Amino acid sequence: METTAKTTQDDKVSLEMPKEKTTKEDGHKKQSSSELGQQATATDKKLNKNNAEETDSRNSATRRNRNKKSKHKKATDSLADQPDVSTKDRNPHPETNQDAGNKARPMSSRGKRKNAMQFDSQKPSGADATKSQGATPKKDFGGSSRDKMKGSQTPNKHHPSVNGGDMTPTKGAHQCQSTPRSASRGQGQGTPTSKSRNYGGTPNRNKNFKPFEDYLSLEEVSDGLKRKRLFQGAIRINPRNFEESYLAAEDGGADIFLNGLAARNRALEGDIVVVEFLHKSKWKLMEDDYQRYKQKSQKESKSKSSSKPKTEEAVLAKQLKDLKIDSLQDKSAMNPTGEAAEITKDELALGKHDKADCLTFEKSSESERPETESQTSKGLDTKSQDEGGSLKEEIDSIVKRLFPEEDKKERGMDEEIPERFYQRLAKVVYIVERRHSRACSGQLRPPPVKNAPNALFSPTDYRVPRIYIPVSECPEGFLERPGDFESTLFIARIDEWPKDSPFALGHLHRSLGEAGEIEPETEGMLMEHGVDYSDFSDEVIACLPKNLPWTIPQDEIAKRRSFRDECVFTIDPATARDLDDALSCVALGNGEYEVGVHIADVSFFVDENNALDEVAGLRATSVYLVQKVIPMLPRLLCEHLCSLNPNEDKLTFSFLWRLTENGEILDEWCGRSVIRSCVKMSYAHAQGIITEPERVWKPEEMPTITNGFTIPDIVERVLNLNKIAQNMRKKRSDDGALRLDQVKLLFTLDKESGLPSGYNVYQQKESNKLVEEFMLLANMAAAHRIYNANKDTALLRRHPPPKTKMIDDLVLMCSEIGLKVDGSSSKSIQESLNRYIGPVEDKASWGKGQILTVFYSKPMQRAKYFCTGSIEVEDHFRHYALNVPFYTHFTSPIRRYADIIVHRQLAASLGVGPASQRDEVTIQDQAVRCNERKDAAKKVSDMSGEMFFAIFVRECGPLKQDAMVMHVLDRAIDVLVMELGVVKRVYCNALPLKSFKFEKQGKQGLMKIVWEPDHMHPEEETQTLQLFSLVKVELKAGKEPLKFDANLIRPE
């Protein structure tokens, strides 16, 4: 069923990664975080004690061997090749960092990590495994205690990237895991997570819970915002990890990061909050960016200093630094085996010699290489090393004291690290506006103890906290038979979230029905996002015309320009009912044409500030779901009075241009009008005419044509419009317009069951682009007119430039893999995409183009409505993607309230309508409402599509599809299913692998996986996965309702 609304290019398409939530067990059944911390501390102390004892034993043995050496050299030589039994099972304490962005634990004095680390899957599990492997427990860096309980069972939740979206693990991040499908993890092959649902968004209830901080007073907030000590913005919560939240930075740099639930301070997704920045010492250094900047600065500094004579201090400092003490400097550069240690100065300065850019996970690995006397005998004399090292350190210390400036310059410390290389951390101190509806769908759980006053509600959205529900509101029989309600979906609302409680307080709204069914799930989506889907009230209906069928009064027709005798027609989706735009085209000769765009005059029926206008302003937009539409206006208006149905007189607002074949505008007229459409064409009809211009169409091949016009009349006008539209589109593209088209699915529904029976990929063809081009022209023309008429109250639509930091990171990543892309302007981005987007038949080039489109979409900001009086700088009015100075929405008043406001402003500017009584503050408030509702409508529409595809996979799957690697993580890959436009994560521990090895390569990674032999493949097979690798995946229904999983298919 095709219910897709007609869209224009300015409506930014963003690919939302499907929310694959990691399931977690109920926090009530788990140990408290303090107990976990005590266990970790105890284990750490025990390991440190054992290591100290082993070290003392080893040192004693070394001293005894040294004494024996002078008397019994032959005996010592014979023992040199034998292993030291006391160190045979010693583990060098690799870091166990579950959060890839957190800082690594310091190594012991003897612990030397390797670039490739191997972990044995056959080691004992539980406490024995901990003891034998010597794994040092990881410190708590603020992660959820539920996550910590999982250990290596939970798929890696990386530390937030600089911009909140990049899931690539950061440098130096160890992921210590025994093996794929390790028995000690209690995991089955098919899933990377526990069966239990993840009740996220809530800290575990334990005795260590610290109350949330009090909010600042309104006076303190106002003063802090004025003094720039506080910052205001909309909060975004990571759907994969509810403890990571972000605010967009005003300067386009790294997002402001809120680490943990305490920092979020009871704010929910979309809330407008005020945050206070933490001390700079807690900020996260963006090390890669800073190192690139530092290296560039050092090169520039060296090139400048090479032309200047060195000062006396610099010369003396260098001589002292280069001083050799008994040739020990050369020896100290040798490792214990006598080989040169390749360690750069920058690595030593940053502690990066022990790199964690390469992780290997295997089922079996060799034991740690034993330490032998031969290694000691081949090395240096320990005493000499110690003395030489101490003397060298003393000289370095003297140089630092005598020539501090020279030492700083040598180490690149001549200036403080600029703030732009930090990701700022902050905490919420005030909630300005609770934009989240505080409604959520989920399951009801019985009270944790008998006779407790509250039951527990577990939301489906993990970003929402668990909610205490009074048992008096629970359905009848719930306390006696809670199992009967396990699959029932409920709606609950949060009333309050006390500062001293990890759980919110709320009430149960009602039962929706069976979880996993279309209508209950749809209703839950609508309520969660605050979409009003109720019937229109009697007061609203009373605002509509009473006498039906309604006809246009003659006095109204007399006030308008009539196009009823001209060839006017509509082009829309085949199933569309709300037809709000029509086109006309008359050839004037000499290569000139008169082209008209006629838009339904909805403002005629919706008077400002009446009940109908009020509810339309609150809804702000129609919501398009797969199976239905939630209209902004009553259907009497949407489908009858305003819809430009064929062979009916309709009130319209028209733009008429005299222009050339190349799209050059010679003259323009705008005003209220009346039309009578002669035919309702679908995009398929128009596309057929464009594809086969010479074809003679039969009457039965076209819809009914009225008003005395014929098929040749329609064909001629469609071809002329398409010719003009192509030239206009080329000119816009040359001027720098940007398109980011992504794959979208349309579903065919079974008429009886309502279930999806098939799908097809939406393709924007020439007929779609024809209509879009003239809608864009009308929108731009309306924007210029209303702004010129009133520069303070015009309602326009702007599109800010993309986030600078994310664009720069994308360009750098592409350059590392040899792709020449540019992000300096909308035109350069479009040219970069055009360079790599290939035909659908070429899977490699087409897939690469789709992934680059997704990458470029991520830094893009949303276009926003605004009142011109709210922004002082006119240059900020610009629309980045269209690359035009003024733009608004005029062409869809049936489904967008912003268009109704623009119609009123346009009528007032022409003197054909009353002036609006709304001031710039009121209009700006309405613009914000329109932005909020438009975003919510898009989210619900996307969720509806995801739900129907999951149902299709459940009913018709599994599906085998071509995919391309989009991200490589340390133990998973993200793939883009090219035909579907779906991004899914594939976990290595869900595959039948013998081993997998991850290597960090700049901002991307490389994964080498080794498939287990089986009856179809008797030998091991190695597969290399990196960005743009073509793979095949299998999509199958997941264990949770309306979820589907993706698994990699072994190459043949």
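Not measured: the values here are computed from a predicted model.

The rules behind these values
Residues numbered from 1 in each chain as written. Predicted model: local features only at pLDDT ≥ 70, side-chain atom pairs only at ≥ 80, totals over all residues. Heavy atoms only, no water. Helix = DSSP H or I, 4+ residues; strand = E, 2+ residues; numbered from the N terminus. Buried < 20%, exposed > 50% of the residue type's maximum accessible area, 1.4 Å probe, protein only. Contact = heavy atoms within 4.5 Å. Salt bridge = Lys/Arg side-chain N within 4 Å of Asp/Glu carboxyl O. Pairing = 2+ DSSP bridges. Axes fitted to C-alpha atoms, helices over the stretch in contact; angles between N-to-C directions. pLDDT = per-residue confidence, 0-100. Patch = residues over 30% accessible without salt bridge, like charges linked within 9 Å, V, L, I, M, F, W, Y side chains within 5 Å. Areas by Shrake-Rupley, 256 points an atom, 1.4 Å probe, with all protein chains shown as cover. Lys, Arg positive; Asp, Glu negative; His and termini not counted. Charge placed at Lys NZ, Arg CZ, Asp CG, Glu CD. Phe/Tyr/Trp six-rings, centres within 6.5 Å; stacked < 30°, edge-to-face > 60°. Lys NZ or Arg CZ within 6 Å of the ring centre and 35° of its normal. Parallel < 35°, antiparallel > 145°, perpendicular 65-115°, else oblique. Nonpolar A, V, L, I, M, F, W, Y, C, P; charged D, E, K, R; others polar. Core = buried A, V, L, I, M, F, W, Y, C linked by side-chain atoms within 4.5 Å. Expected span 1.5 Å × (residues − 1). Disulfide = S-S within 2.5 Å.

A. Structural context of the overall build of the protein. When you go through the protein residue by residue, the secondary structure sums to 26 helices and 35 strands. Counting the 1052 residues in the protein, one finds 50% classified as buried. In the protein, 74% of the contacts between residues at least 6 apart in sequence involve partners at least 24 apart.

B. Here's a closer look at the environment of Pro 699. Here Pro 699 shows up in the loop between α19 (683-691) and α20 (711-734). In sequence terms Pro 699 and Ile 711 are 12 residues apart; their C-alpha atoms lie 7.6 Å from each other.

C. Representation of the environment of Arg 971 within the structure. Its location among the elements puts Arg 971 in the loop between β28 (959-968) and β29 (972-977). Judged by its relative accessible area of 7%, Arg 971 falls in the buried class.

D. Region of interest: the pattern of salt bridges. Under the definition given, this model contains 54 salt bridges. Glu 213 serves as the salt-bridge partner of Lys 427, at 3.2 Å between the closest nitrogen and oxygen. Here Glu 213 lies in the loop between α4 (145-150) and α5 (218-226) and Lys 427 lies in strand β9 (residues 426-433), a separation of 214 residues in the sequence. The class for Glu 213 is partly exposed, based on a relative accessible area of 43%. The network of salt bridges with common partners includes Glu 556, Lys 559, Arg 560, Asp 601 and Arg 672.

E. Fine view of the sheet that holds strand β35 (residues 1044-1048). One open sheet accounts for five strands, arranged β30-β29-β28-β34-β35; its pairing is antiparallel. At either end of the open sheet lies a strand with only one pairing partner, and these are β30 (982-987) and β35. Between one strand axis and the next, the sheet turns through 45 degrees on average, direction left out of account. Two elements, β28 and strand β34 (residues 1030-1037), share six bridges in a ladder whose sense is antiparallel. Paired with Leu 959 across the bridge in β34 is Leu 1035. Helix-sheet contacts for helix α26 (residues 920-956) involve β28, β34 and β35, and the interaxial angle to β34 is about 80 degrees.

F. Structural context of the confidence of the model for the protein. Summarising the model, the protein shows a mean pLDDT of 78, and 69% of its residues fall at 70 or more. Residue range residues 61-200 is modelled with pLDDT below 50. Its contacts to residues more than four positions away, or to other chains, number 330 contacts. A low-confidence stretch, residues 326-356 stays under pLDDT 50, and its non-local contacts, those more than four residues away or across chains, total 37 contacts.

G. Geometry of a negative patch on the surface. The grouping of Glu 473, Asp 495, Glu 496 and Asp 500 at the surface amounts to a negative patch. Along the chain, Asp 500 falls in the loop between β13 (488-496) and β14 (504-514).

H. Layout of unusual backbone geometry. The amide bond that connects Leu 548 to the next residue, Pro 549, takes the cis arrangement and shows omega of -5 degrees. Considering the arrangement of structural elements, one finds Pro 549 in the loop between α15 (538-541) and α16 (554-558). For the bond from Gly 957 to Pro 958, the omega torsion is 0 degrees, close enough to zero to count as cis. You will see that Asn 265, though not glycine, has its phi angle at about 55 degrees, which is positive. Counting through the fold element by element, Asn 265 comes out in the loop between α6 (261-264) and β5 (272-277). Positive phi, close to 70 degrees, is recorded for Ala 620, a residue that is not glycine. Residue Ala 620 is classed as buried on the basis of its relative accessible area of 5%.

I. Summary view of the packing of aromatic side chains. Scanning the model with the defined rule gives 25 aromatic pairs in all. Ring geometry for Phe 277 and Trp 283: centres 6.5 Å apart, planes at 70 degrees, overall edge-to-face. For Trp 283, a relative accessible area of 12% corresponds to the buried category. Chaining the aromatic ring pairs together yields one cluster made of Phe 231, Phe 277, Trp 283 and Tyr 422. Sitting over the face of the ring of Trp 669, Arg 561 holds its NZ or CZ atom 4.8 Å from the ring centroid. The residue whose ring lies beneath Lys 791 is Tyr 787, and the NZ or CZ to ring-centre distance is 4.2 Å.

J. Expanded view of the packing of α19 against α20. Two elements in contact, α19 and α20, have axes separated by 10 Å at closest approach and are oriented at 80 degrees. Classified by the angle their axes make, α19 and α20 are roughly perpendicular. Along its contact with α19, which presents Ala 686, Ile 689 and Ile 690, the element α20 presents Ile 714, Val 715, Val 718, Leu 719 and Asn 722. Taken together, the residues that form the contact of α19 with α20 break down as seven nonpolar, one polar and no charged.

K. Layout of the pairing of β35. Of all five residues that make up β35, four are buried, and the element is covered over most of its length. Of the pairings in the sheet, the one linking β34 to β35 comprises five bridges and is antiparallel in character. If you follow Val 1033 over to β35, its bridge partner there is Leu 1048. In this antiparallel pair of consecutive strands, β34 and β35, the connection spans six residues, and Leu 1042 shows a positive phi of 60 degrees.

L. Region of interest: the packing of α19 against helix α21 (residues 766-789). The N-to-C vectors of α19 and α21 enclose an angle of 105 degrees; their axes lie 8 Å apart at closest approach. On the basis of the axis angle, α19 is roughly perpendicular to α21. Every residue of α21 that contacts α19 at Tyr 683, Ala 686, Gln 687 and Ile 690 is listed here: Glu 766, Ser 767, Asn 768, Leu 770 and Val 771. When grouped by side-chain class, the residues that make up the contact of α19 with α21 number five nonpolar, three polar and one charged.

M. Structural view of the side chain of Asn 720. Note that Asn 720 resides in helix α20. If we ignore the near neighbours within four places in the chain, the residues touching Asn 720 are Cys 585 and Tyr 593.

N. Structural context of the sheet that holds strand β2 (residues 236-237). Pairing in this open sheet of three strands is antiparallel, and the strands run β2-β3-β4 from one edge to the other. In the strand order of this sheet, the two ends are held by β2 and β4 (256-259), each with one partner. Summarising the sheet, β2 and strand β3 (residues 244-247) pair through two bridges and their orientation is antiparallel. Residue pairing for β3: Ile 237 is matched across the bridge by Ser 245.

O. Looking closely at the pairing of strand β12 (residues 467-470). Bridge analysis of strand β11 (residues 454-459) against β12 gives four bridges, and the strand direction is antiparallel. Paired with Asn 454 across the strands is Pro 470, a residue of β12. Strand direction decides the pairing type here: β12 and β14, joined by two bridges, are parallel. When the bridges of β14 are listed, Ile 467 appears paired with Ala 504.

P. Structural context of the nonpolar core. Residues Phe 569 and Phe 774 are the most contacted members of the largest nonpolar core, which totals 94 residues. Residue contacts for Phe 569: discarding those within four places in its chain leaves Ala 582, Leu 583, Ser 677, Cys 678, Val 679, Met 681, Ile 714, Arg 717, Val 718 and Leu 721. In terms of nonpolar packing, the next biggest core, distinct from the first, is built from 46 residues, Val 623, Val 940, Ala 950 and Val 965 among them.

Q. Just helix α24 (residues 843-857), in detail. For α24, which comprises 15 residues, the first-to-last C-alpha distance of 21 Å matches the rise-based estimate of 21 Å (1.5 Å per residue) to within 8%. Summarising burial for α24: 12 of the 15 residues are buried, a large majority. Those residues of α24 that sit buried are Ser 845, Trp 846, Gly 847, Gly 849, Gln 850, Ile 851, Leu 852, Thr 853, Val 854, Phe 855, Tyr 856 and Ser 857.

R. Region of interest: the side chain of Asn 1047. When you line up the elements, Asn 1047 lands in strand β35. Among all residues touching Asn 1047, those that are not within four sequence positions of it are Val 986, Ala 990, Leu 991, Lys 1032, Val 1033, Glu 1034 and Lys 1036.

S. Spatial organisation of the state of the cysteines. Applying the stated rule across the entire model yields zero disulfides. For the unlinked cysteine Cys 638, the closest cysteine sulfur is that of Cys 642, found at 7.5 Å. Judged by its relative accessible area of 5%, Cys 638 falls in the buried class.

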